[in-house]
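# Residue-level structural notes
So you can see what is in the structure, the chains are spelled out below.
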Amino acid sequence: MLATATRLFYTEGIHTVGVDRIVTEAGVTRATFYRHFPGKEDLVRCYIQEWDQRIRAELAQAVPGLTAARLLPLLVTRLGQEMCGPGFRGCPFINASAEYPDPEHPVSQAITEHRAWLRGALVRLLGDAGVPEPERRADIVVLLRDGAMVGAALGDPAVVADRLAAAVAELVG
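This is a predicted model, so every value here is computed, not measured.

Conventions and cut-offs
- Residue numbers restart at each chain and count upward from 1, following the sequence in its written direction.
- Per-residue local features are limited, in this predicted model, to residues with pLDDT of at least 70; the limit for side-chain atom pairs, both in listing and counting, is 80 or more; totals at the level of whole chains, interfaces and linings are taken over all residues.
- Working from all heavy atoms in the structure, the side-chain values ignore hydrogens and water.
- Comment: elements are numbered from the N terminus, with helices defined as DSSP H or I runs of at least four residues and strands as E runs of at least two.
- A simple rule labels every residue: compare its accessible area, found with a 1.4 Å probe on the protein chains alone, to the largest value its type can have, and call it buried under 20%, exposed over 50%, or partly exposed in between.
- Values of accessible area rely on a 1.4 Å probe in the Shrake-Rupley scheme; residue burial ignores everything except the protein chains shown.
- Within this scheme the basic residues Lys and Arg register as positive and the acidic residues Asp and Glu register as negative, but His and the chain ends are omitted.
- Here the site of a charge means atom NZ of a Lys, CZ of an Arg, CG of an Asp or CD of a Glu.
- UniProt positions are given in the numbering used here, feature names are shortened, and annotations may be inferred rather than shown by experiment.
- Within this document, salt bridges are pairs made up of a side-chain nitrogen of Lys or Arg and a carboxyl oxygen of Asp or Glu, the two lying within 4 Å of each other.
- The criterion for an aromatic pair is that two Phe, Tyr or Trp rings (for Trp, the six-membered ring) have centres within 6.5 Å, with stacked assigned to planes under 30 degrees apart, edge-to-face to planes over 60 apart and tilted to the rest.
- Here, a charge over a ring means that NZ of Lys or CZ of Arg falls within 6 Å of the ring centre while also lying within 35 degrees of the ring normal.

## Things to note about the overall build of the chain
Scanning the chain for helices and strands turns up nine helices and zero strands. For the chain, the C-alpha atoms occupy an extent of roughly 55 × 30 × 30 Å along the three principal directions. A burial count over the chain gives 39% of its 173 residues as buried. Accessible surface, the chain as shown: approximately 9200 Å² in total, 58% of it carbon and sulfur. Within the chain, the 21 negative side-chain charges are centred at a point lying 3 Å from the centre of the 18 positive side-chain charges.

## Considerations on the UniProt feature "domain: HTH tetR-type" (unreviewed entry) in the chain
The UniProt record marks residues 1-55 with the feature "domain: HTH tetR-type" (unreviewed entry), using the residue numbering of this structure. From the first C-alpha to the last, residues 1-55 spans 20 Å; its make-up is 76% helix and 0% strand.

## Digging into the pattern of salt bridges
Within this structure, the stated rule accounts for 16 salt bridges. Across the pair R78 and E58 runs a salt bridge, and its minimum N-O distance is 2.5 Å. In this pair, R78 sits in helix α5 (residues 68-84) while E58 sits in helix α4 (residues 40-62), placing the two residues 20 residues apart along the sequence. For R78, a relative accessible area of 31% gives the class partly exposed. Residue D139 is joined to R119 by a salt bridge in which the shortest nitrogen-to-oxygen separation is 2.4 Å. In this pair, D139 sits in helix α8 (residues 134-154) while R119 sits in helix α7 (residues 106-128), placing the two residues 20 residues apart along the sequence. Judged by relative accessible area, D139 falls into the partly exposed class, the value being 35%.

## As for the UniProt feature "DNA-binding region" (unreviewed entry) in the chain
Residues given the UniProt feature "DNA-binding region" (unreviewed entry) here are residues 18-37. Within residues 18-37, the helical portion is 75% and the strand portion 0%, while the C-alpha atoms at the span's ends are 14 Å from each other.

## Brief notes about the packing of aromatic side chains
For the structure shown, the criterion picks out four aromatic pairs. On the numbers, 5.3 Å between centres and 75° between planes, the contact of F9 with Y47 is edge-to-face. Highlighted residues: F9 in helix α1 (residues 2-12) and Y47 in helix α4, separated in sequence by 38 residues. What makes F9 buried here is its relative accessible area of 2%. Residue classification places Y47 among the buried residues on the basis of a relative accessible area of 2%. Arranged with centres 5.6 Å apart and planes meeting at 40°, the rings of F33 and F37 form a pair that is tilted. Assigned by exposure class, F33 and F37 land together as buried. Put simply, the rings of F33, Y34 and F37 pair up and form one aromatic cluster. Of note, R54 hangs over the ring of W51, and the distance from its end group to the ring centre comes to 4.3 Å.

The structure is reproduced here in structure tokens:
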């Protein structure tokens, strides 16, 4: 169910996809759905948390053996590959935040948790790489990343990926 919901939420939008469609495409009953998720909002929160866990795992897998100075360019390259990949529709966190603007909503809180983790990871990477003002520069990298994800969804992703890489390289030296 989560895999089906992930595909549908990402490609079509969260509010446009109903439980009936998820149940039908996942090949499960409504009773099975509600045994696992008390409601659609719980599934949406799991969808966001699943994306978060994948990104955290990917970063953890990339870290061993790489210096912080080499890891940031690798992450920017990975973002560029994602933006240029088939079916790219922008950042799932940004997309979901547009559909869940209430900061008290559990989905918004899951998005906030991811973004806090991402910023913290960037602060550590930049600090470990000896980049001055790692907190301020991490904020800038997050802004660049957000803009790139939106820009790639709306324009030429290859150009956006190239500009992101150049901007981050210039920022961190």
